[in-house]
Amino acid sequence: MSIENIVATVTLDQTLDLYAMERSVPNVEYDPDQFPGLIFRLESPKVTSLIFKSGKMVVTGAKSTEELIKAVKRIIKSLRRYGIRIGGKPKIQIQNIVASANMHVHVNLDKAAFLLENNMYEPEQFPGLIFRMDDPRVVLLIFSSGKMVITGAKREDEVYRAVKKIFDKLESLECIKPIEEEEELEI
């Protein structure tokens, strides 16, 4: 299982002068006719931040909560270095975690679609089964290859719980079978 992206909002509790930021901070993009936010990209960790004059930011691209916090600190430090006054402590709230996982099994999606509640499976439209889990509250895109995409989590542990829970559920419903070793080597 691996986390692919974390999207978070950051509140700075102050208004920001985006024109001043555009003039003094290098490598930012700001074109208010196209988009109301200033785009600030970090190379390490590789994240993008959309900064709005309201003092709100949307940060995307982090691969862990730890990396997200590090990125926000680095963004604030960089802004301060170029003379932008940032007071107080930023409030960070994770909005969405997107992860991928591989259960290393074949999944019988037709059977799973019949036996699982809260799912949608239209193989003519999309090859994966869309399963809405209530606890944790996430959406899983499950493919016959055993691979899946998990979205909607607010904490990393919710992703791990969701993967374990769906694996156990599919196993109990007899919707999965092991991949033969030769098949796995071909992939």
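Attention in this report is confined to the structure presented alongside it. (Residues numbered from 1 in each chain as written. Predicted model: local features only at pLDDT ≥ 70, side-chain atom pairs only at ≥ 80, totals over all residues. Heavy atoms only, no water.)

### Things to note about the packing of aromatic side chains
For the coordinates displayed, the defined rule picks out 3 aromatic pairs. Here Tyr19 and Tyr30 contribute two aromatic rings whose centre-to-centre distance is 5.3 Å and whose plane-to-plane angle is 75°, an arrangement assigned as edge-to-face. Here Tyr19 is found in helix α1 (residues 18-24), whereas its partner Tyr30 is found in the loop between β2 (28-29) and β3 (38-42), with 11 residues between them in sequence. When its relative accessible area of 13% is taken as the criterion, Tyr30 is described as buried. (Phe/Tyr/Trp six-rings, centres within 6.5 Å; stacked < 30°, edge-to-face > 60°. Helix = DSSP H or I, 4+ residues; strand = E, 2+ residues; numbered from the N terminus. Buried < 20%, exposed > 50% of the residue type's maximum accessible area, 1.4 Å probe, protein only.)

### Let's talk about the environment of Glu171
Inspection of the secondary structure puts Glu171 in helix α4 (residues 156-172). Its relative accessible area of 45% is what places Glu171 among the partly exposed residues. Here the alpha-carbon distance between Glu171 and Lys91, two residues 80 residues apart in the chain, equals 41 Å.

### A short note on the side chain of Thr11
Structurally, Thr11 can be placed in strand β1 (residues 2-11). Contacts of Thr11, omitting those with residues within four sequence positions, involve Gly55, Lys56, Lys89, Pro90 and Lys91. (Contact = heavy atoms within 4.5 Å.)

### Description of the pairing of strand β9 (residues 129-133)
Counted residue by residue, β9 has 4 buried out of 5 residues, so it is predominantly covered. Looking at chain direction, strand β8 (residues 119-120) and β9 are connected through 2 bridges and run antiparallel. Within the sheet, the bridge partner assigned to Met120 lies in β9 and is Ile130. Bridge analysis of β9 against strand β10 (residues 138-142) gives 5 bridges, and the strand direction is antiparallel. From the neighbouring strand, Met133 faces β10, where its bridge partner is Val138. In this structure, the hairpin formed by β9 and β10 is closed by a connection of 4 residues. (Pairing = 2+ DSSP bridges.)

### Some thoughts on the sheet that holds β3
Either a parallel or an antiparallel arrangement is found when strands of a sheet pair, and the pairing is made through backbone hydrogen bonds. Sheet architecture is open: 10 strands sit in the order β2-β3-β4-β5-β1-β6-β11-β10-β9-β8, paired in antiparallel fashion. Unpaired on one side and paired on the other, β2 and β8 mark the two borders of the sheet. Contacting β1, β6 (91-102), β9, β10 and β11 (147-153), α4 crosses the sheet at an angle of about 135° to β11. (Axes fitted to C-alpha atoms, helices over the stretch in contact; angles between N-to-C directions.)

### Observations regarding the pattern of salt bridges
Using the criterion set out here, one finds 7 salt bridges in the structure. The salt bridge partner of Arg155 is Asp157, with a shortest N-O separation of 2.9 Å. Overall, the relative accessible area of 44% leaves Arg155 in the partly exposed class. Overall, the relative accessible area of 35% leaves Asp157 in the partly exposed class. A salt bridge links Arg155 to Glu158, with the shortest nitrogen-to-oxygen separation between them at 3.5 Å. Under the relative-accessibility criterion, Glu158 is labelled buried at 12%. Salt bridges sharing common partners tie together Arg155, Asp157 and Glu158. (Salt bridge = Lys/Arg side-chain N within 4 Å of Asp/Glu carboxyl O.)

### Some points on helix α2 (residues 65-81)
Quick reminder: α-helices carry 3.6 residues per turn. Residues three or four places apart thus point the same way. The end-to-end C-alpha separation of α2 is 24 Å, in line with the 24 Å expected for 17 residues at 1.5 Å each. Three or more residues of α2 are buried, namely Leu68, Ala71, Val72, Ile75, Ile76, Ser78 and Leu79. In an axial view of α2, the angular spread of the buried residues amounts to 160°, which keeps them on one side of the axis. Opposite the buried face of α2, by more than 90 degrees, sit the exposed residues Glu66, Lys73, Lys77 and Arg81. Buried residues in α2 make contact with β1, α1, β3, β4 (47-51), β5 (56-62) and β6. Immediately beyond the C-terminal end of α2, within one or two residues, lies Gly83, with a positive phi of roughly 85°. (Expected span 1.5 Å × (residues − 1). Arc of directions from axis to C-beta.)

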